[in-house]
Protein chains: 2
Amino acid sequence: MEGARETTGREPTSTYRELEEKNVQHLLDRSIKFRHKIDKDMVMPESSKKDMILIPSLALNLLLLYPLFVGCKKWELLSWSRRAAAEAEAVASVSCSGHGRAYLDGITVDGMPVCECNSCFGGPNCSEVIAGCPADVDSGDPLFLEPFWMQRAASSAVLIAGWHRMSYSFNDNSSISQELENHIRKVHAIVKNAVTDRFIVFGAGSTQLLNAAVHALSMDNSSPPSAVVASVPFYPKLKVSYKQQTDFFSSLGYKFYGDTSMRKNPSDVSMNAIEFVTSPNNPDGKLRKKVLRGESVRAIHDHAYYWPHFTGIPTPADEDIMIFTLSKLTGHAGTRFGWALIKDEAVYRRMLTYSDESCYGVSRDTQRLPGSNVRGKKTRIVTQSLEMLE
Amino acid sequence: MEGARETTGREPTSTYRELEEKNVQHLLDRSIKFRHKIDKDMVMPESSKKDMILIPSLALNLLLLYPLFVGCKKWELLSWSRRAAAEAEAVASVSCSGHGRAYLDGITVDGMPVCECNSCFGGPNCSEVIAGCPADVDSGDPLFLEPFWMQRAASSAVLIAGWHRMSYSFNDNSSISQELENHIRKVHAIVKNAVTDRFIVFGAGSTQLLNAAVHALSMDNSSPPSAVVASVPFYPKLKVSYKQQTDFFSSLGYKFYGDTSMRKNPSDVSMNAIEFVTSPNNPDGKLRKKVLRGESVRAIHDHAYYWPHFTGIPTPADEDIMIFTLSKLTGHAGTRFGWALIKDEAVYRRMLTYSDESCYGVSRDTQRLPGSNVRGKKTRIVTQSLEMLE
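Here the structure is a predicted model, which is why all the values come from computation and not from measurement.

For chain A, the count of helices and strands is 15 helices and 14 strands. Residues classed as buried in chain A amount to 54% of the 390 residues present. Residue pairs in contact within chain A that sit at least 24 positions apart in sequence constitute 65% of those at least 6 positions apart. When the accessible surface of chain A is split by element, carbon and sulfur atoms take 59% of a total near 17,000 Å².

This brings us to the pairing of strand E13 (residues 321–325) of chain A. Residue and element names in this part refer to chain A. For E13, the buried fraction is high: 5 of the 5 residues fall into the buried class. Of the two faces of E13, the one carrying Ile321, Ile323 and Thr325 and the one carrying Met322 and Phe324 are both buried. Bridging between strand E12 (residues 297–302) and E13 involves 2 bridges; their strand directions are parallel. Counted as the bridge partner of Asp302 is Ile323 from E13.

Right, let's talk about the packing of helix H9 (residues 205–218) of chain B against helix H12 (residues 345–359) of chain B for a bit. Residues and elements named next belong to chain B. Closest axis-to-axis distance for the H9/H12 pair is 9 Å, and the angle between their directions is 125 degrees. By the criterion of interaxial angle, the relationship of H9 to H12 is oblique. Judged by the sense of rotation from one axis to the other, the crossing of H9 with H12 is right-handed. Contacts between H9 and H12 involve Gln208, Leu209, Asn211, Ala212, Ala213, His215, Ala216 and Leu217 from the first element and Val347, Arg350, Met351, Tyr354, Ser355, Ser358 and Cys359 from the second. Looking at side-chain class alone, the contact of H9 with H12 contains 9 nonpolar, 5 polar and 1 charged residues.

For H9(B), with 14 residues, the first-to-last C-alpha span of 21 Å sits near the 20 Å given by 1.5 Å per residue. With respect to burial, H9(B) is a largely interior element, 14 of its 14 residues being buried.

Next up on the list: helix H8 (residues 178–191) of chain B. Residues and elements named next belong to chain B. For H8, which comprises 14 residues, the first-to-last C-alpha distance of 20 Å matches the rise-based estimate of 20 Å (1.5 Å per residue) to within 8%. Of all the residues in H8, the buried ones are Glu179, Leu180, Glu181, His183, Ile184, Val187, His188 and Val191. The first or second residue beyond H8 is Lys192, which carries a positive phi of 60 degrees.

Another point: the packing of aromatic side chains. Applying the stated criterion to the full structure yields 17 aromatic pairs over all chains. Between A:Trp307 and A:Phe324, the ring centres sit 5.6 Å apart and the planes meet at 65 degrees, which makes this aromatic pair edge-to-face. Placement of A:Trp307 in the loop between E12 and E13 and of A:Phe324 in strand E13 is noted, with a sequence separation of 17 residues between them. A:Phe324 carries the same exposure label as A:Trp307, and that label is buried. For the pair B:Phe324 and B:Trp339, a centre-to-centre distance of 6.0 Å together with 15 degrees between the ring planes defines the contact as stacked. Residue B:Phe324 is located in strand E13 (residues 321–325), and its partner B:Trp339 is located in strand E14 (residues 338–342); the two are separated by 15 residues in the primary sequence.

Here the structure, examined in full by the defined rule, presents 6 disulfides over all chains. In this model, A:Cys96 is linked to A:Cys115 through a disulfide, with the two sulfur atoms separated by 2.0 Å. Torsion about the S-S bond of the A:Cys96 and A:Cys115 cystine: about -95 degrees, corresponding to left-handed handedness. Here the residue A:Cys96 occupies a position in the loop between helix H5 (82–92) and strand E1 (100–101), and A:Cys115 occupies one in the loop between strand E3 (112–113) and strand E4 (116–117), the gap between them amounting to 19 residues. Classification of A:Cys96 as buried rests on a relative accessible area of 4%. With a sulfur-sulfur separation of 2.1 Å, B:Cys117 is cross-linked through a disulfide to B:Cys126. On the sign convention where negative means left-handed, the S-S torsion of about -85 degrees between B:Cys117 and B:Cys126 marks this disulfide as left-handed. You can call B:Cys126 buried: its relative accessible area is 0%.

The next point concerns the pattern of salt bridges. Residues and elements named next belong to chain B. Under the criterion given, the structure shown has 18 salt bridges over all chains. One salt bridge in this structure joins Lys343 and Asp320, with 3.4 Å as the shortest N-O distance. Of this pair, Lys343 sits in the loop between E14 and H12 while Asp320 sits in the loop between strand E12 (297–302) and E13; the two residues are 23 residues apart in sequence, bridging distant segments of the chain. Residue Lys343 is classed as partly exposed on the basis of its relative accessible area of 40%. Arg349 is paired through a salt bridge with Glu345; the nearest N and O atoms lie 2.9 Å apart. Within this pair, Arg349 and its partner Glu345 are both found in helix H12, separated by 4 residues, close to a single helical turn. Among the ionic contacts, a cluster of salt bridges with common partners joins Asp197, Arg198, Asp318, Asp320 and Lys343.

About the criteria used
Every residue gets a number counted from 1 within its own chain, in the order that chain's sequence is written. Here the convention is simple: chains get letters from A, ligands get numbers from 1, in the order in which they are written. Per-residue local features of the predicted model are confined to residues with pLDDT of at least 70, and side-chain atom pairs are confined, for both listing and counting, to 80 or more; whole-chain, interface and lining totals are unaffected and use all residues. Only heavy atoms go into the side-chain values, all of them from the structure, while hydrogens and water stay out. Elements are defined by DSSP. Helices are runs of H or I of four residues or more, strands are runs of E of two residues or more, and each kind is numbered from the N terminus. Accessible area is worked out with a 1.4 Å probe on protein chains only. A residue is then buried under 20% of its type maximum, exposed over 50%, and partly exposed in between. In what follows, a contact means two residues having at least one pair of non-hydrogen atoms within 4.5 Å. Only the protein chains shown count as cover for residues, and all accessible areas are computed by the Shrake-Rupley method using a 1.4 Å probe. By this definition, two strands are paired if DSSP reports at least two bridges between them. To get an axis, a line is fitted to the C-alpha atoms, and for a helix only the part in contact is used. The angle between two axes follows their N-to-C directions and goes from 0 to 180 degrees. An angle below 35 degrees is read as roughly parallel, one above 145 as roughly antiparallel, one from 65 to 115 as roughly perpendicular, and any other as oblique. Crossings are assigned a handedness: left-handed for a near helix turned anticlockwise from the far helix by less than a right angle, right-handed for a clockwise turn. Residue classes follow a fixed rule: Ala, Val, Leu, Ile, Met, Phe, Trp, Tyr, Cys and Pro count as nonpolar, while Asp, Glu, Lys and Arg count as charged, and any other residue, Gly among them, counts as polar. For a helix, the expected span equals 1.5 Å multiplied by the residue count minus one. When two rings of Phe, Tyr or Trp (its six-membered ring) have centres within 6.5 Å they constitute a pair, described as stacked for plane angles under 30 degrees, edge-to-face for angles over 60, and tilted for the intermediate range. In this description, the term disulfide denotes a pair of cysteine sulfurs within 2.5 Å. Salt bridges, as used here, are contacts in which a Lys or Arg side-chain nitrogen is within 4 Å of a carboxyl oxygen on Asp or Glu.

The structure is reproduced here in structure tokens:
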């Protein structure tokens with residue numbers, strides 16, 4: 001265009017010859033100029049503008065395609081599990097000011113879970129302190145361990161399918177998960193707080209195991225009832241003292257006789273007795289030993305607190321009947337899971353029968369503890385809790 | 001370039017004038033030609049090649065960005081739950097020839113879950129039939145309902161966070177989920193198989209509730225023991241007859257007296273008696289009524305099978321103590337969950353105490369039944385099971 005303007009803008013002001021020469025020169029110049037212009041166009045200023053779009057566009061595609069094929073294979077794999085996963089994250093994101101929590105199986109308003117406030121807190125997000133509310137100090141709720149598991153959200157989460165373990169028993173016909181038993185032995189072996197070459201029975205919390213043990217031991221007694229004793233202060237397990245518990249089941253086999261110190265001569269007890277030994281003791285935290293001596297005295301050692309985050313571990317416990325609970329190891333009190341390490345096979349069989357007769361074993365959903373164990377990643381919650389012990 | 005060749009390729013063969021004219025004409029022609037070329041270049045054949053990349057690239061950008069912002073919000077939401085979800089889907093995809101299943105909490109080889117075969121099947125993928133293996137016909141395993149839940153994989157899956165319900169109790173200080181209780185009442189109301197204006201106690205399967213009921217009723221008896229009776233054929237619940245169960249707990253409060261027909265005069269029983277009434281009965285499936293009559297006879301109605309997928313429902317059951325179990329309603333026997341509908345408050349309180357004293361209630365993980373209840377979607381497994389009843 002510019003070229004065009006030049007020609008039209010010129011007036012003939014000289015002779016034909018001059019004009020010729022000028023024309024020739026002008027046209028030659030212009031031919032050069034045009035050729036340059038063409039060459040310049042070949043370097044395409046127009047399409048270089050497109051490069052400014054094309055290159056980022058290609059880069060963005062690479063960025064977006066990468067995770068689908070390399071980074072997060074899981075994204076494409078997820079189908080039926082996605083909804084449950086999204087719902088769990090949605091409810092976990094509900095803020096309750098650190099004084100409560102919303103649960104998928106909890107109270108809902110318009111179908112959405114709302115905050116369930118800890119005692120002494122109220123309001124939609126548990127931010128309001130309830131005036132003059134007495135804190136329940138002896139509930140023993142292990143909520144102080146919640147943050148520990150929240151920090152391990154990914155490795156402690158578990159997705160349970162609708163058809164998970166519908167059978168009455170595991171495929172070895174038992175009601176005890178062999179995998180979980182292995183995990184428990186492993187944890188004891190690492191922590192060195194108990195000898196594990198024993199039989200293991202699972203219970204719905206140590207509560208049930210204490211009952212099972214008393215029952216099993218009393219069956220050894222040819223002249224019932226056996227005297228069930230313990231040393232004060234009694235462990236107010238779940239606010240239920242041994243006495244209350246033992247009395248409640250009003251068995252032919254055993255009777256609560258109170259404090260060990262009430263026995264005339266602890267060094268020689270002739271009658272059949274079953275002594276609860278809580279070590280470390282709650283509330284005083286002392287490591288306890290059996291008080292009563294004698295042929296016919298059997299002891300049940302409650303080692304709920306015998307873990308490094310509660311006490312020093314001078315030596316691995318090596319008693320006939322040792323009872324542990326998940327409530328104190330990992331803080332999952334609501335899960336109601338405990339186990340007993342038992343030396344004597346006959347006692348083990350009776351405790352197993354007790355568990356089966358009373359509840360047909362521990363819920364398979366309970367035995368499926370949070371945290372999975374796939375691809376060799378030992379992330380089951382029992383094993384993870386070792387980090388807590390470090 | 002072409003132009004350049006033309007000029008250099010020419011020999012001067014004529015007079016200056018001719019040359020001038022030719023030159024002018026030639027150069028003028030060429031200037032036109034060049035201008036056309038320029039115009040052609042302006043239409044950019046070169047960069048139009050780029051359009052063939054740019055346009056699809058931009059289209060792909062949109063395609064990839066769409067799900068992130070519109071389609072699958074869940075994708076971006078999922079973070080800590082993704083691993084558990086992916087692991088659950090991975091293990092669910094392990095094929096066991098329909099004669100077994102792999103579980104995340106099951107047997108692992110090199111850290112990967114392997115098939116756990118149903119009885120009478122073996123091999124890595126449970127495809128091998130074990131010769132001469134006797135099928136266990138009275139296990140009552142409700143595995144025939146597995147496909148039902150597999151078809152509802154998305155709505156019945158549940159993701160449990162590592163910090164789920166760690167407390168001993170729900171925030172109303174009970175050990176019973178109010179939400180689950182509501183679901184149970186709802187199902188009975190829809191199915192019309194039981195009157196629900198009653199107290200509800202949860203149990204670790206109906207096994208525990210039967211024990212709790214016997215215990216609670218025997219406490220009413222001022223002159224123990226109460227006679228526990230049932231009508232033959234006895235329901236081989238989990239292969240444990242009522243007799244075995246009752247005898248095992250060798251209580252001061254009750255004693256097993258055998259079959260109701262053994263009572264001299266069923267129409268007038270003066271002694272304190274507790275009668276198990278299993279209706280529908282297993283194995284004969286008959287709807288049963290209480291056999292013993294008399295002031296001091298109390299009955300425990302085991303209605304495990306009183307659901308439309310097992311029997312006709314002539315009328316809503318309206319007994320003093322009615323016991324139901326998830327094992328028969330949804331097929332989740334392994335979950336060990338049952339409930340009792342109780343008319344009398346005193347009996348209810350004693351059964352509740354029994355549950356608390358024996359296990360401190362049912363595991364919160366168990367009460368968190370598969371299937372969630374978020375955003376008004378009533379997908380809890382108890383409610384979903386209604387589809388089975390249709």
